[in-house]
Amino acid sequence: MNQPTSLSVNSWDFRSGVLHVGGCSVSDLISEFGSPLYVYDRAVMEGQFEVLRKAISYRPFRLRYACKANGNLTILRIFRELGAHLDVTSPGEIVLAEMAGFHAEHLLFTGSSVTDEELAFVERKGVLINFDSISQLRRYGRRFPHRDICLRLNLDVGAGHHEHVITGGPDSKFGITAEDLPDARQLARQFDLRIVGLHQHIGSGILDAQIFLRAVEPLLEVARDFEDLLFLNVGGGLGIPYAPEDRPLDLAELGEGMTRLCESFCRSYGRRLRLELEPGRFLVGPAGCLLTRVNTVKRTSKHVFAGTDSGFNHLIRHPLYRSYHRIINATREDGPVRRVAVCGNLCESGDLFTHGREIIEPREGDILAICDAGAYGYSMSFPYNMRPRPAEVLVDEGRAWLIRRRERIEDLVALFPPVAI
Ligand code: LLP
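Quick caveat: nothing in here was measured; it's all calculated off a predicted structure.

Colleague: Would you mind going over the pairing of strand E19 (residues 367–370) with me for this structure?
Modeller: Looking down a regular strand, the side chains alternate between one sheet face and the other. Residues Ile367 and Ala369 of E19 are buried on one face, and the alternating residues Leu368 and Ile370, pointing to the opposite face, are buried as well. For strand E14 (residues 288–299) and E19, the ladder comprises four bridges, and the chain directions are antiparallel. Residue threonine 292 lies in a different strand from E19, and its bridge partner there is leucine 368. Of the pairings in the sheet, the one linking strand E16 (residues 327–329) to E19 comprises three bridges and is antiparallel in character. Directly across from asparagine 329, in E19, lies its bridge partner leucine 368.

Colleague: What should I look at first to understand the pattern of salt bridges in this one?
Modeller: Any two side chains of opposite charge can pair, given that their charged atoms come close. All told, the structure shown has 24 salt bridges when counted by the stated rule. The partner of glutamate 221 in a salt bridge is arginine 224, and the shortest N-O contact between them spans 3.8 Å. Judged by relative accessible area, which is 49%, glutamate 221 ranks as partly exposed. Assessed through its relative accessible area of 42%, arginine 224 is described here as partly exposed. We note a salt bridge from glutamate 263 to arginine 272, for which the minimum N-O separation is 2.9 Å.

How each quantity is defined
- Residues numbered from 1 in each chain as written.
- Predicted model: local features only at pLDDT ≥ 70, side-chain atom pairs only at ≥ 80, totals over all residues.
- Heavy atoms only, no water.
- Buried < 20%, exposed > 50% of the residue type's maximum accessible area, 1.4 Å probe, protein only.
- Helix = DSSP H or I, 4+ residues; strand = E, 2+ residues; numbered from the N terminus.
- Pairing = 2+ DSSP bridges.
- Salt bridge = Lys/Arg side-chain N within 4 Å of Asp/Glu carboxyl O.

Function cannot be inferred from these measures alone, as they are strictly geometric.
Structural data, given as structure tokens:
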């Protein structure tokens, strides 16, 4: 029987019974680079970028890649070549962006609970800051008056695939609320800060274009009262279909709606402002998979567990959000389909990629591909149980490049200072 999950995206297919990603056999990739392994298909990232750029006909328009989704240096370089700007959230991401060849004018810093030291760092780098709170604005204005700034607003609209990723509304820590706007404007006047941008990000993993469009309306309403604006940033949050029943975001509906709203706003505003979108997941999510080898098959009275050499330390999305990721038996195109719980090698019962899924029955030694793992996979990984992180590989039309080496136990122990107690 064939795999019950379809290979919806891109050029991934079975050849001689082995899954090929971007033209490369996963068995060959594992032989060369080891298991577990993150694999990213360059063509998919470029395709996602182009399809989104074309969907929005409003100009000027800027795509700002939210590099928290995947901070691999080579991936940043790919987006720079495509003409992306960047959403950065920490000093570390600024350093990374510089290494990838971005300049200060390509970056917008959107931080949360930012310290004075961090503000000074971003200021020194000449990067525009998107202010998340009155406190941050006051502390910055005192030290760095006469600057251009952007405000992140929370206009009470939130959405997302899980409560952890809703970033607008009364329960969210993010943004300056409508109530606090007069204070924000007062501080801007006091310190001669010119508000050149307004920003909002309502949440993540949204598949309904209407939710975005409805959220933009209050932003445009507020924007009328700001006379110095150069741009409006409507955030990221564009979802991708993970489960077979997920319907992809209607990009035509999003693009047309966004264009219509911005055109009409700019007519009444009297000036054409730049529109910015800052997606992370949409650009990299479908491009990546985590390959992991099954080493233990265990049958209990209730379950068949396929135990792998990875774990939630490499991809935490299922335990954290109950997220669905397609799982394909990448080394067995045909065979009996069985319901299996795919688990990792960590000492936690919740260390599962799925609690139960029908896949071609995995045997020990098989390689599984956990799909749509390009966003918030490696970037949220950590070395729990002293288990190092996998290597990352970029595949491009049948060729493969190592783009981050596998972490070693020596890398982890190197963090301990030599203290004798
Ligand atoms: N802009 C801001 C200010 C953000 O906070 C985020 C994501 C983005 C843009 C990009 O959002 P995206 O287009 O990727 O949805 N770990 C979660 C997602 C957390 C998103 C955090 N902020 C997950 O795996 O679903």
